[in-house]
Amino acid sequence: AIQNSGTPAAGSGSLKRRRTTRFIPKSPDKILDAPDLVDDYYLNLLDWSKSNILAVALRQCVFLWNASTGATQKLLETSGAGNIVTSLAWGDEPTSNTLAVGTHSAEVQLWDVSVCKKIREMTGHRSRVSSLSWYSNIVSSGSRDSAVHHHDVRVPAQVAKLHGHSQEVCGLKWSPQGTQLASGGNDNILNIWEARRNQSRFTIGRHQAAVKALAWCPFHSNLLASGGGTADRRICLWNTGNGQCLNEVDTKSQVCAVQWSTHDRELVSSHGFTHNQLILWRYAGRGRVHKVVELTGHQARVLHMAQSPDGTTIVSAAADETLRFWRILGSPTRSAAKLKMEHSSRGLLGANCIR
């Protein structure tokens, strides 16, 4: 484990710095086996709900793991040979018990997890649904047909279609305020859309490979991180108010996913070829980031990440068919000494299977 000193405060817009010392374990807190996790860079198969339920897609099934109790259950299995689950995403309030599931057969299904029941099917895409993102009652879907669809789950009709890509839309994220939507595609394009507009505000071709990794900063409303695939390997930091690239970092590896910390000015990236690692970065302002630590252990590319609702833990899902839980983010309620003691007492828990 290492210590991280001088992390800036996470208050919105604040540039003040506070001295901190935080225990950052370099081994996972827990490992779960995830057999049949599909090794496809363009899919999005992992999400963690505000009610502490982890959802993961394993071929044609979706499994739920209750992080509070350790209980596992199968939510669904799609019908039709080869109709794998290609994306999933938990709803925001007031739909936080709703899981959206995209399929190879171009459907978006909505499931009420509190009763394990499918409540709606939405069609319209012409190919697999590889990305999903929610804001309030709006669920947006990105597809290999290159389109983005908006659905308001309160009404039966589709709300809007967005056309800004020429290939698969593999990255899709609403901003926390719901005012902007970022979409990334296999055409190497990053689009920034304004809510209730069907024309992209910015169409950006800076990346040299597919743009799947997207994450909005929780403490700056117009700050977006994007990551490119194997031929690019860069993380770019964007001011989406004016479309300016504030900074870019060559990570030396395919960028698969990015997550911002909700407690500190930090972000985590996960990677494929060549190192299959996670990297914790400190955000220093004005787009600048500094590497804090690299975390290794996965034996294949780390395709997906999600963050626990308390903001302390990142779970990574890799093509080695394991989920690893890394308790590497700060906590507003636990001291550095308590975090270190908890990690030592828990140790590396025995691997369990999520299904």
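Thresholds, definitions, all that
Residues numbered from 1 in each chain as written. Predicted model: local features only at pLDDT ≥ 70, side-chain atom pairs only at ≥ 80, totals over all residues. Heavy atoms only, no water. Pairing = 2+ DSSP bridges. Helix = DSSP H or I, 4+ residues; strand = E, 2+ residues; numbered from the N terminus. Axes fitted to C-alpha atoms, helices over the stretch in contact; angles between N-to-C directions. Core = buried A, V, L, I, M, F, W, Y, C linked by side-chain atoms within 4.5 Å. Buried < 20%, exposed > 50% of the residue type's maximum accessible area, 1.4 Å probe, protein only. Contact = heavy atoms within 4.5 Å. Salt bridge = Lys/Arg side-chain N within 4 Å of Asp/Glu carboxyl O. Phe/Tyr/Trp six-rings, centres within 6.5 Å; stacked < 30°, edge-to-face > 60°.

A. Inspection of the sheet that holds strand 16 (residues 169-174) at higher detail. Taken in spatial order, the 4 strands make up an open sheet running 16-17-18-19, and their pairing is antiparallel. Single-partner strands in this sheet number two, and they are strand 16 and strand 19 (202-204). Taken pair by pair, the neighbouring strands of this sheet meet at an average axis angle of 15°, ignoring direction. Pairing between strand 18 (residues 190-194) and strand 19: 3 bridges, direction antiparallel. Counterpart to asparagine 191 in the pairing with strand 19 is threonine 203.

B. Highlighting the nonpolar core. Judged by nonpolar contacts, the single largest core of 35 residues is most densely connected at Val62, Leu64, Leu99 and Leu323. Listing elements by their share of this core, those giving two or more residues are strand 4 (46-48), strand 5 (53-58), strand 6 (61-66), strand 7 (72-77), strand 8 (85-90), strand 9 (98-103), strand 29 (314-318) and strand 30 (322-326). No other element matches the 6 residues that strand 5 contributes to this core. If we ignore the near neighbours within four places in the chain, the residues touching leucine 64 are Ile53, Leu54, Ala55, Ala71, Thr72, Gln73, Leu75, Trp90, Leu99 and Val113. Core analysis: the second largest hydrophobic core is formed by 17 residues, Ala213, Val258, Leu267 and Ile279 among them.

C. View of the pattern of salt bridges. Inspection of every chain in the model, using the stated rule, returns 18 salt bridges. Between lysine 50 and aspartate 92 there is a salt bridge; the shortest N-O distance is 3.3 Å. Remark: aspartate 92 occurs in the loop between strand 8 and strand 9 and lysine 50 occurs in the loop between strand 4 and strand 5; sequence separation between them is 42 residues. Of the residues examined, lysine 50 reaches a relative accessible area of 55% and is grouped as exposed.

D. Looking closely at the pairing of strand 5. Burial analysis of strand 5 places 6 of its 6 residues in the buried class, the great majority of the element. With burial as the criterion, each face of strand 5 is covered, one bearing Ile53, Ala55 and Ala57 and the other bearing Leu54, Val56 and Leu58. Here 3 bridges tie strand 4 to strand 5, and the two strands are oriented antiparallel to one another. If you follow aspartate 47 over to strand 5, its bridge partner there is alanine 55. What sits between the antiparallel neighbours strand 4 and strand 5 is a turn of 4 residues, in which asparagine 52 has the positive phi angle 75°. Here strand 5 pairs with strand 6 via 6 bridges, running antiparallel. Residue pairing for strand 6: isoleucine 53 is matched across the bridge by asparagine 66. Between strand 5 and strand 6, which pair antiparallel in sequence order, lie 2 residues; one of them, arginine 59, sits at a positive phi of approximately 55°.

E. Looking closely at the sheet that holds strand 23 (residues 244-250). One open sheet holds the 4 strands; their spatial order is 20-21-22-23, and the pairing between them is antiparallel. The two strands at the open ends of the sheet, each matched to only one other strand, are strand 20 (211-216) and strand 23. Here the strands of the sheet are splayed against their neighbours by 20° on average, with no regard to which way each runs.

F. Seen up close, the environment of cysteine 245. Position of cysteine 245 relative to the elements: it lies in strand 23. Judged by its relative accessible area of 18%, cysteine 245 falls in the buried class. Note: C-alpha distance between cysteine 245 and leucine 224 (21 residues apart in sequence) is 9.6 Å. Those residues in contact with cysteine 245, other than ones at most four positions away along the chain, are Arg206, Cys236, Leu237 and Trp238.

G. Structural view of the environment of leucine 237. Note on placement: leucine 237 falls in strand 22 (residues 234-239). Once residues lying within four places of it in the same chain are set aside, the contact partners of leucine 237 are Leu223, Leu224, Ala225, Gln244, Cys245, Leu246, Asn247, Trp260, Gly287 and Val289.

H. Spotlight on the packing of aromatic side chains. Summed over all chains, the structure comprises 7 aromatic pairs. For the pair tyrosine 135 and tryptophan 174, a centre-to-centre distance of 6.3 Å together with 40° between the ring planes defines the contact as tilted. On the criterion of sequence distance, the pair formed by tyrosine 135 in strand 12 (residues 129-135) and tryptophan 174 in strand 16 is long-range, its members being 39 residues apart. For tyrosine 135, a relative accessible area of 31% puts it in the partly exposed group. Aromatic ring contacts, followed pair by pair, group Trp48, Trp65 and Phe325 into a single cluster.

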